[in-house]
Amino acid sequence: MFNIVLFNPQIPPNTGNIGRLCVNSGAKLHIVKPIGFDINEKAVKRAGLDYWDKLELIIWENTEEFLKNVDVSRCFFATTKTSKPYFEVKFEPEDYIIFGSETKGIDEQILKQYTDNCITIPMTKEGRSLNLAVSAGIILYEAIRQNFKGSL
């Protein structure tokens, strides 16, 4: 099982869609505060439809607490501020795939501290980013593809 991590999510429908993605892929969802909305908002649950009660959800108080309690060597930080494509990583079950807020991304200090674990989704010069839920799906399913054993 993989872990999707959202640092400071801001847009309820993105979080809801990622929750639905996690349920359908067998991934855990970690949300790291601060959160830009009430986690019980209708918009989150609407986007997650009837999946929200099936979601394995872990809420962390802040990034420091999260990083102190996980194996950071198996954390991969999705950012547009690196040139290492996500498909060059050899993902392992239980890895953490981390995304920043929709408005700010992952804090620059964290990216500098874990440069070797930063990954990106290649894009044309015309675009600057992809939707958060789309990005999570792209990288998560590459990790699953690499480790697929016939069932989730």
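Look up a bit, the structure's there.
My aim in this report is to walk through the structure given alongside it, one point at a time. Just so we're clear, the structure is a prediction, and the values are computed from it rather than from any experiment.

This next bit is on the packing of helix 1 (residues 12-25) against helix 5 (residues 132-147). It is the contact of helix 1 with helix 5, at a shortest axis distance of 9 Å, that shows an interaxial angle of 20°. As far as their axial angle goes, helix 5 and helix 1 are roughly parallel. Here helix 1 and helix 5 pass one another in a crossing that is right-handed. Contacts between helix 1 and helix 5 pair Asn14, Asn17, Ile18, Leu21, Asn24 and Ser25 from the former with Leu132, Ala133, Ala136, Gly137, Leu140, Tyr141 and Ile144 from the latter.

Take the packing of aromatic side chains next. Counting across every chain of the model gives 6 aromatic pairs. When the ring of Phe7 is compared with that of Phe66, the centres are 5.9 Å apart and the planes differ by 80°; the resulting orientation is edge-to-face. Of this pair, Phe7 sits in strand 1 (residues 3-7) while Phe66 sits in helix 3 (residues 63-68), placing them 59 residues apart in sequence. Judged by its relative accessible area of 4%, Phe7 is buried. The interplanar angle of 15° and the centroid separation of 5.2 Å between the aromatic rings of Phe77 and Tyr114 together place this pair among those described as stacked. With Phe77 in strand 4 (residues 75-78) and Tyr114 in the loop between helix 4 (108-113) and strand 6 (118-119), this residue pair connects regions lying 37 residues apart in the sequence. By way of ring pairs, the aromatic residues Phe7, Trp60, Phe66 and Tyr96 are connected into one cluster.

Turning to the layout of surface pockets, a few remarks are in order. The volume enclosed by the largest pocket comes to roughly 500 Å³. Forming the walls of the largest pocket are 24 residues, and the residues nearest its centre are Thr80, Ser101, Gly105, Ser129 and Leu130. When residues of the lining of the largest pocket are assigned to their parent elements, the largest contribution, 3 residues, is made by helix 5. Residue classes in the lining of the largest pocket are distributed as 9 nonpolar, 11 polar and 4 charged. Taken together, Met1, Phe2, Ser25, Gly26, Pro93, Ile144, Asn147, Phe148, Lys149, Ser151 and Leu152 make up the lining of the second largest pocket. Residue composition of the lining of the second largest pocket, by class: 6 nonpolar, 4 polar and 1 charged.

Our next topic: the nonpolar core. Residues Ile4, Ile18, Leu29, Phe91, Phe99 and Ile139 are the most contacted members of the largest nonpolar core, which totals 29 residues. Secondary structure elements with two or more residues in this core: strand 1, helix 1, strand 2 (28-32), strand 4, strand 5 (96-99) and helix 5. Looking at this core element by element, the count peaks at 7 residues for helix 5. Those residues in contact with Leu29 that lie beyond four places of it in its chain are Ile4, Leu6, Thr15, Ile18, Gly19, Cys22, Trp52, Leu55, Glu56, Leu57 and Ile58. Counting 16 residues, the second-largest nonpolar core is a separate cluster that includes Phe66, Val70, Cys75 and Ile110.

Strand order in the open sheet formed by 6 strands is 3-2-1-5-4-6, and the pairing between neighbours is parallel. The open sheet has two edge strands, strand 3 (57-60) and strand 6, and neither has a second partner. Two elements, strand 2 and strand 3, share 4 bridges in a ladder whose sense is parallel. Paired with Ile31 across the strands is Ile59, a residue of strand 3. Contacts from helix 1 reach strand 1 and strand 2 within the one sheet, and its direction differs from that of strand 2 by about 150°. In the packing of helix 5 onto the sheet, contacts are made with strand 1, strand 4, strand 5 and strand 6, and the angle to strand 5 comes to roughly 165°.

The rules behind the values
- Residues numbered from 1 in each chain as written.
- Predicted model: local features only at pLDDT ≥ 70, side-chain atom pairs only at ≥ 80, totals over all residues.
- Heavy atoms only, no water.
- Axes fitted to C-alpha atoms, helices over the stretch in contact; angles between N-to-C directions.
- Helix = DSSP H or I, 4+ residues; strand = E, 2+ residues; numbered from the N terminus.
- Parallel < 35°, antiparallel > 145°, perpendicular 65-115°, else oblique.
- Left-handed = near helix turned anticlockwise from the far one by under 90°.
- Contact = heavy atoms within 4.5 Å.
- Phe/Tyr/Trp six-rings, centres within 6.5 Å; stacked < 30°, edge-to-face > 60°.
- Buried < 20%, exposed > 50% of the residue type's maximum accessible area, 1.4 Å probe, protein only.
- 1 Å grid on protein atoms, 1.4 Å probe; cavity = no way out; pocket = protein on both sides within 12 Å on 5 of 7 lines; lining within 4 Å.
- Points joined across faces, edges and corners; volume = space filled by probe spheres on them.
- Nonpolar A, V, L, I, M, F, W, Y, C, P; charged D, E, K, R; others polar.
- Core = buried A, V, L, I, M, F, W, Y, C linked by side-chain atoms within 4.5 Å.
- Pairing = 2+ DSSP bridges.

Any link to function would need more than the numbers given here.
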